[in-house]
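Coordinate inspection notes
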Number of protein chains: 2
Amino acid sequence: MIARGIMLGPDQPVILHLLDIEQKIDDLNLLRMELLGSAFPLLKLVATIDNVEACKDVNIAIMIAGYSRKDGLDTKDLMSKNVSIYKDVASVLEQHAAADCKVLVVTNPANTNALILKDFAPSIPEKNITCLTRLDHNIALSLIAQKVKVPVSDVKNVIIWGNHDAKQYPDINHATVTIKNEEKPVKECISDDHWLKTEFITNVQQRGAAFNRSQKAKKCALSCASAACDHIHDWVYGTPKGKWVSMGVYSDGSYGIPKDIIYSFPVKCEKGKWSIVQGLTIDALTREKMDVAAKDLKEEISMAKSCLD
Amino acid sequence: MIARGIMLGPDQPVILHLLDIEQKIDDLNLLRMELLGSAFPLLKLVATIDNVEACKDVNIAIMIAGYSRKDGLDTKDLMSKNVSIYKDVASVLEQHAAADCKVLVVTNPANTNALILKDFAPSIPEKNITCLTRLDHNIALSLIAQKVKVPVSDVKNVIIWGNHDAKQYPDINHATVTIKNEEKPVKECISDDHWLKTEFITNVQQRGAAFNRSQKAKKCALSCASAACDHIHDWVYGTPKGKWVSMGVYSDGSYGIPKDIIYSFPVKCEKGKWSIVQGLTIDALTREKMDVAAKDLKEEISMAKSCLD
């Protein structure tokens, strides 16, 4: 998708830096052959196992490295291995990436990995370090579209609060569906309130997990890659008027969320910068779930930091 | 790529019909979830194990069904199983597809599968039944670009003669490289004639096979899918002025190739129709290789037909 111009537009040449570890060099070469063999007109390619070469002068860093549950690790071991990866890459990005490098962390625990990266790359502006919740955002849009039986492009402004994991809260209080050129609140279009409060929420929260559990372990590679492209595209080129998206960003204290965590908010983007959508009314249930997500992230960060000691 | 508008353009809605067999229904559902979860704005989706539902009113049919070498079959068994798939699908397409349906056969033996499909779908115009050699074409462009050290978009007009398999002949006699705004014959840009006559040719011929042999057995899924998109895109929207591509098409006897086979030629496309590029000079070596490919295809067709008896 990057090589085809989906992320940065059909006329924007891209130099794709692919980084993998030495043990995966055969996979990396296969991918390199595949990309070259596709004769993508926009693409130049750097495929390397050297962190410095990979990070040199990059304008956009998409972090998909990391161990996953399927590697058979418990939560603490998984955290420990991933945190050390993000710490290492942070220092290389700090030294070698372009000064205005935009960072998107995809691998779970994405919010915490991004926070560790921020801590170890202090010269990268904190506004430039984000994590992916667009996948959850897209899944929420898609589930509503299927329920109301409209094209997904007619649904907008769901919010993913919190983290890119099961403790997130998908909020549809401000979401709308366009039916016959009229924007209506989702709550007016879906009479099945029970579905909205139960199945919808668990489906969004658990979708990634469901893929992970599947025998094929494809780990939602397509929808995840697509969401990463959407995240970067909108960050760079802006969100359409009247529409917001969800991004995990460094909290500025908006909506009473603690300032020192990376948390998913509704954001609008313009000229390469995001800003949190302000002034939304938060009902009691959402408030409670937002705070649960923040508390969960705080605990995750404590665990991550203990892994670094 | 289809759902993202790469094949039919960024503003063209698509109804993607996905067909698989009953034993693969879990994979099909997973793919369906993935596509829906990506919230592609252009996409409507039909995922089914019913041939008729899958073929109903389709304007474009991309045939990727079939057994492959990795299923541990010998040539004859592989042929037998694939031929019967293409015979069955042909009759369903014949009855249910749109009258102007364009067909692209991807699975090897692609030329012969396409010919079987043509024989059992006589109401589909023979001009509408093609097979993929764009992958080989793209790989040839890419190898030349890497050798000359130019972007792949600066190389054009290679030809894949014959079939989508090791007996094809990649011909660079008419190919050019644009260097400093000047189009130069590839032969002037690459002094290493030995490379052109040996490594280049076997590399193009064997690339698919190399992927098939690799332990990961990813079977060049990305470059193949990308080539299929290129094939359909150019067929529907036309090839750029001064540029041709390779497509496996029903021979009209051009260049002395027998009339009753599907064979890869250089083609230009305009308004949804392809035509074979005429009047190219063919040197003795190329002539010989073109005839070998035709003879090989004839034998393959005999074997396929014997499987149908």
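**As for the nonpolar core**
Where a protein is soluble and globular, its nonpolar side chains tend to be buried together. Core analysis: the largest hydrophobic core is formed by 190 residues, its most contacted members being A:L93 and B:L93. Apart from residues lying up to four places away in sequence, B:L93 is in contact with B:C55, B:V58, B:A61, B:M63, B:V103, B:L117 and B:I124.

**With respect to the relation of the copies chain A and chain B**
Superposition record for chain A on chain B: RMSD 0.0 Å, screw rotation 180 degrees, translation along axis 0.0 Å. Such values leave the two copies arranged in the relation of a two-fold axis. It is A:M1 whose C-alpha, among those of chain A, lies nearest the rotation axis, at 3.7 Å. Most of the interface of chain A is mirrored in chain B, where 100% of its interface residues are also at the interface.

**Overview of the interface of chain A and chain B**
Each partner contributes residues to the interface: chain A has 34 residues there, and chain B has 34 residues. When the two sides are added together, the surface that chain A and chain B hide from each other amounts to roughly 3000 Å², 60% of it contributed by carbon and sulfur. Considering only the side of chain A, the residues that lose the most area to chain B are A:R4, A:L30 and A:E34, jointly responsible for 20% of the buried surface there. Counting every contact that joins chain A to chain B gives two salt bridges. A salt bridge links A:R4 to B:D230, with the shortest nitrogen-to-oxygen separation between them at 2.8 Å. At the junction of chain A with chain B, the criterion picks out 12 residue pairs in polar contact (both at pLDDT 80 or more). Among the secondary structure elements, those contributing two or more residues to the side of chain A that touches chain B are helix 1 (25–37), helix 5 (134–148), helix 8 (199–213) and helix 9 (221–237) of chain A.

**Regarding the environment of A:N108**
Residues and elements named next belong to chain A. Within the secondary structure layout, N108 lies in the loop between strand 4 (102–105) and helix 4 (110–120). With 61 residues separating them along the chain, N108 and A47 place their C-alpha atoms 24 Å apart. N108 has contacts with N82, N113, H164 and D165, leaving out every residue within four places of it along the chain. A distance of 3.1 Å separates the side chain of N108 from the backbone nitrogen of A110, its partner in a polar contact.

**Comments concerning the pattern of salt bridges**
It is possible for side chains bearing opposite charge to pair when their charged atoms get close. Under the defined criterion, the tally for this structure stands at 24 salt bridges over all chains. The closest approach of N and O atoms between A:E183 and A:K156, which form a salt bridge, is 2.9 Å. Placement of the pair is A:E183 in strand 10 (residues 182–185) and A:K156 in strand 6 (residues 155–156), with a sequence separation of 27 residues. You can call A:K156 buried: its relative accessible area is 15%. For B:K295, the salt bridge goes to B:E299, with nearest N and O atoms at 3.3 Å. Of the two residues, B:K295 and B:E299 both sit in helix 10 (residues 284–308), four residues apart, roughly one turn of that helix. Here the salt bridges do not stand alone but share partners, grouping A:K118, A:D119 and A:K305 into one network.

**Considerations on the packing of helix 1 of chain A against helix 9 (residues 221–237) of chain B**
Their axes nearest at 8 Å, the elements helix 1 of chain A and helix 9 of chain B cross at an angle of 10 degrees. In this view, helix 1 of chain A runs roughly parallel relative to helix 9 of chain B, as classed from their interaxial angle. Where helix 1 of chain A approaches helix 9 of chain B, its residues A:E34, A:L35 and A:G37 are matched on the opposing element by B:A221, B:L222 and B:S223. Residue classes in the contact of helix 1 of chain A with helix 9 of chain B are distributed as three nonpolar, two polar and one charged.

**A few points about the domain arrangement of chain A**
Residues and elements named next belong to chain A. Taken domain by domain, chain A holds domain 1 (14–131) and domain 2 (134–308). The distance between the C-alpha centroids of domain 1 and domain 2 comes to 23 Å. With 31 residues of domain 1 in contact, the opposing surface of domain 2 contributes 32 residues. When domain 1 packs against domain 2, close to 2600 Å² is buried across both sides, 71% of that on carbon and sulfur atoms. Contact with domain 2 buries area across many residues of domain 1, yet K102, N111 and L115 alone supply 22% of it, more than any other trio. Counting every contact that joins domain 1 to domain 2 gives one salt bridge. With a shortest N-O distance of 3.5 Å, D119 and K305 are connected by a salt bridge. Connecting domain 1 to domain 2 are 11 residue pairs in polar contact (both at pLDDT 80 or more).

**Some points on the side chain of A:K118**
All names here are of chain A. Here K118 is to be found in helix 4. Residue classification places K118 among the buried residues on the basis of a relative accessible area of 14%. Ignoring anything within four residues of it in the chain, the contact list for K118 reads E126, I129 and Y250.

**As for the sheet that holds strand 9 (residues 176–179) of chain B**
Residues and elements named next belong to chain B. Sheet architecture is open: three strands sit in the order 6-9-10, paired in antiparallel fashion. Strands at the two margins of the open sheet, each flanked by one partner only, are strand 6 (155–156) and strand 10 (182–185). Both strand 6 and strand 9 contribute to a ladder of two bridges, which runs antiparallel. Note that in strand 9 the partner of K156 across the bridge is T176.

**Section: helix 5 (residues 134–148) of chain B**
Because an α-helix packs 3.6 residues into every turn, residues spaced three or four apart end up facing the same way. Residue and element names in this part refer to chain B. For helix 5, built from 15 residues, the straight-helix expectation of 21 Å at 1.5 Å per residue is met to within 8% by its first-to-last C-alpha distance of 21 Å. With respect to burial, helix 5 is a largely interior element, 13 of its 15 residues being buried. Looking one or two places after helix 5, you find K149, whose phi comes out positive at around 65 degrees.

**With respect to the sheet that holds strand 10 of chain A**
Here we have three strands laid out as an open sheet, ordered 6-9-10 (chain A), and antiparallel in their pairing. Each having just a single partner strand, strand 6 and strand 10 of chain A make up the two edges of the open sheet.

**Quick look at the packing of helix 5 of chain B against helix 9 of chain B**
Residues and elements named next belong to chain B. Contact geometry of helix 5 with helix 9 gives a least axis separation of 8 Å together with a crossing angle of 105 degrees. Taken together, the axis directions place helix 5 and helix 9 in an arrangement best described as roughly perpendicular. Between helix 5 and helix 9, the contacting residues are R134, L135 and N138 on the first element and S223, C224, A227, D230, H231 and D234 on the second. Considering only residue class, the contact of helix 5 with helix 9 consists of three nonpolar, three polar and three charged.

The rules behind these values
Residues numbered from 1 in each chain as written. Chains lettered and ligands numbered in written order. Predicted model: local features only at pLDDT ≥ 70, side-chain atom pairs only at ≥ 80, totals over all residues. Heavy atoms only, no water. Core = buried A, V, L, I, M, F, W, Y, C linked by side-chain atoms within 4.5 Å. Buried < 20%, exposed > 50% of the residue type's maximum accessible area, 1.4 Å probe, protein only. Contact = heavy atoms within 4.5 Å. Least-squares fit on C-alpha atoms with pLDDT ≥ 70 in both. Buried area = accessible area lost by both parts, 1.4 Å probe. Salt bridge = Lys/Arg side-chain N within 4 Å of Asp/Glu carboxyl O. Polar contact = N/O pair within 3.5 Å; in protein donor to acceptor, adjacent residues only side chain to side chain. Helix = DSSP H or I, 4+ residues; strand = E, 2+ residues; numbered from the N terminus. Axes fitted to C-alpha atoms, helices over the stretch in contact; angles between N-to-C directions. Parallel < 35°, antiparallel > 145°, perpendicular 65-115°, else oblique. Nonpolar A, V, L, I, M, F, W, Y, C, P; charged D, E, K, R; others polar. Domains from an automatic or database assignment. Pairing = 2+ DSSP bridges. Expected span 1.5 Å × (residues − 1).

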